[in-house]
Amino acid sequence: MNLEFIELDLVWPSKLGIFDLKDYILSELKKYGEPLRWAITSVTTHSEKKIQLISLEVVLIINQDKGKGINSELS
Amino acid sequence: MTITDPLPTLLIIPTGIGCSLGGYAGDAIPAARLLASASECLITHPNVMNGGSLYWPETCIQYVEGYSLNLFAAGEVFLKPVRQQKVGLLLDAGLESDLKKRHLQVADGCVASLGLNIGPVITTERAIQINLKKGLSGSSWGNIEEPDILLRAAEKLKKAGATAIAVVTRFPDDSDGLETKLYRQGNGVDAIAGVEAVISHFLVKHLLIPCAHAPGLAPLPIDYDLDPRTSGEEIGYTFLQSVLVGLSRAPDLICKSAMQTKEHALLSNTDLGAVVVPQGALGGEAVLSCIERYIPLIVVSNQGVLNVSSTKMRLDCLSGDTNNNILYAENYLEAAGLITALRHGINIKSLRRPIDCLKELNDE
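Everything quoted here is computed from the prediction, not taken from an experiment.

Asker: Mind showing me how you'd approach the overall build of chain A here?
Answerer: The secondary structure content of chain A amounts to two helices and three strands. Listing each helix as α and each strand as β along chain A from the N terminus yields β-α-β-β-α. Buried residues in chain A amount to 29% of all 75 residues. A separation of at least 24 residues holds for 64% of the contacts in chain A among residues at least 6 apart in sequence.

Right, here's the structure in full:
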């Protein structure tokens, strides 16, 4: 088992209300590992692309046998 | 329920984001005491209550670590107030013998002078090794190199009868660093707080008992420009005493899935009457859970490094009853007033000016 600190951005779909935001974030984070501690650390609007981006800082638990993690995802 | 019953209130001041109140050494304790007095039942976390050598035990404050706080806010865990926990002490093998002895003496002192129930004590098989990190936002974070070693020691403590765990790990010294200097002078983020939260989150996730962390650090040289908010960390050899006091009465964590029916004495998220959070720190897991459940949100001006505000989180766009659940306070004095009003059923609108006339319902 490893702990890994990552930073990532997610698009916040305009139709997704705040009441569904936590589940959306958790489902995205689980693609990389088991979320242990996370927070939204900024929300930025890109008017030219008409999107909002959520920046997250996260510590994930990575089970080595499952081979997840942001590094393995990128490599 | 009567109108004078307590109004269980959740106070969150996230760890490692440099809040001007609560970003230092237990400097949110006065605010917590005030809100506890207004609500008569305050649920808050170690970052609020741990002041290094300083602490304030209060029977109507429930000391709940951040991971369990998230579970509580989501309705996955109930809180069961206790008279006393048996606090196991987990020491990192990376602590030098003198530093380890200092911590053991603090634990002895807490038994002898405060009447706490502490033990057993265990030292990890090898050093767990802390890595400090800082996010792009300026928040402090980090991870540990040997989580399995940490967990193994904690499991042994639980098996040996500990009902809560205080962890002391050796942190890298940074007495000459700019971060430490700025923090001590009241202008920086606590560089070690983020990873402390990671350690306690990790243990609570696996053991589901109250856990909290104290960093093992060499004493710092005197700083003549010390900010009073950091003084609680300068008047002793360890930060363990506040952790032991907090854990000694931390509520038991009762998993929802293990319950048949809700016992009367348990606190659940449905009991919450308000959640108090700094403006700018609205992107945490517990806050989002509370918003989902329409728990009144009191947003307090309390500057930190984050700007995840009510506007950025689209809270200002909400309308109707939901928006009535979002209240704003300039400081914690005002937040205490709002809690008092909520608790006693006083319409907040009647306390503000101008005040609008009532509007008749339109059939259309």
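Asker: Help me understand the confidence of the model for chain B, please; the structure alone is not making it clear to me.
Answerer: Low-pLDDT portions of the prediction should not be read for the details of their coordinates. Chain-level pLDDT for chain B is 95 on average; 97% of the residues reach the 70-or-more range. Across the predicted assembly, pTM comes out at 0.95 and ipTM at 0.94.

Asker: I would appreciate a short explanation of the pairing of strand 3 (residues 51-62) of chain A in the present structure.
Answerer: All names here are of chain A. Judged from the eleven bridges that link them, strand 1 (residues 2-12) and strand 3 form a sheet pairing that is antiparallel. Residue pairing for strand 3: Trp12 is matched across the bridge by Gln52. Pairing of strand 2 (residues 34-46) with strand 3, which is carried by eleven bridges, proceeds in the antiparallel orientation. Following the sheet pairing, Thr44 is matched in strand 3 by Leu53.

Asker: For this particular structure, what's the right way to read the interface of chain A and chain B?
Answerer: One frequently used descriptor of interface size is the decrease in accessible area upon assembly of the parts. Each partner contributes to the interface: chain A provides 19 residues, whereas chain B provides 31 residues. Put simply, the parts of the chain that give the side of chain A that touches chain B at least two residues each are strand 1, helix 1 (21-29), strand 2 and strand 3 of chain A. Ranked by residues supplied to the side of chain A that touches chain B, first place goes to strand 2 of chain A with eight residues. Tallied by class, the residues present in the side of chain A that touches chain B amount to twelve nonpolar, two polar and five charged.

Asker: Help me understand the nonpolar core in this model?
Answerer: Generally speaking, nonpolar side chains in soluble globular proteins are found buried as a group. Grouped together as the largest cluster of nonpolar side chains are 128 residues, with contacts concentrated most on Ala32, Leu35, Ile165, Ala166, Leu244, Val275 and Val276 of chain B. The contact partners of Val275 of chain B, leaving out residues within four places of it in the chain, are Leu10, Ile12, Val287, Cys290, Ile295, Leu297 and Ile298 of chain B.

Asker: Help me understand helix 4 (residues 97-114) of chain B, please; the structure alone is not making it clear to me.
Answerer: Two residues of an α-helix separated by three or four positions point the same way, owing to the 3.6 residues in each turn. All names here are of chain B. The first and last C-alpha atoms of helix 4 sit 25 Å apart over 18 residues, in line with the 26 Å expected at 1.5 Å per residue. Along helix 4, the residues classified as buried are Leu99, His103, Val106, Ala107 and Cys110. All buried residues of helix 4 project into a common sector of 95° when viewed along the axis, lining one side. Those residues of helix 4 that are exposed and angled more than 90 degrees off the buried face are Ser97, Asp98, Lys101, Asp108, Ala112 and Ser113. On the buried face of helix 4, the contacting elements are strand 5 (86-91), strand 6 (117-123), strand 9 (164-170), strand 10 (211-216) and helix 8 (240-248). Where helix 4 ends, the next residue or the one after it, Gly115, has phi of about 75°, a positive value.

Asker: What is the right way to read the confidence of the model for chain A from this model?
Answerer: All names here are of chain A. For chain A, mean pLDDT is 88; residues scoring 70 or higher make up 85% of the total. At the level of individual helices and strands, chain A shows its lowest average pLDDT in helix 2 (residues 70-74), which scores 43, and its highest in helix 1, which scores 97. Across residues 71-75 the pLDDT falls below 50, and counting only partners more than four positions away or on other chains, this stretch makes two contacts in the model.

Asker: Explain unusual backbone geometry to me, please; I cannot follow it from the model alone.
Answerer: Excluding glycine, most residues fall at negative phi; most peptide bonds, likewise, are trans. All names here are of chain B. With an omega of 0°, the peptide bond running from Gly119 to Pro120 counts as cis. The omega torsion of the bond from Arg353 to Pro354 falls at 0°, within 30 degrees of zero and hence cis. Mapping Pro354 onto the fold places it in the segment after helix 11 (332-343). The residue Gln129 is not glycine, and still its phi comes out positive at about 60°. Although it is not a glycine, Leu208 sits at a positive phi angle of roughly 50°. For Leu208, a count of 18 C-beta atoms within 10 Å gives the class partly exposed.

Calculation rules
Residues numbered from 1 in each chain as written. Chains lettered and ligands numbered in written order. Predicted model: local features only at pLDDT ≥ 70, side-chain atom pairs only at ≥ 80, totals over all residues. Helix = DSSP H or I, 4+ residues; strand = E, 2+ residues; numbered from the N terminus. Buried ≥ 20, exposed ≤ 12 C-beta atoms within 10 Å, placed from the backbone. Contact = placed C-beta atoms within 7 Å. pLDDT = per-residue confidence, 0-100. Pairing = 2+ DSSP bridges. Nonpolar A, V, L, I, M, F, W, Y, C, P; charged D, E, K, R; others polar. Core = buried A, V, L, I, M, F, W, Y, C linked by C-beta atoms within 7 Å. Expected span 1.5 Å × (residues − 1). Arc of directions from axis to C-beta.

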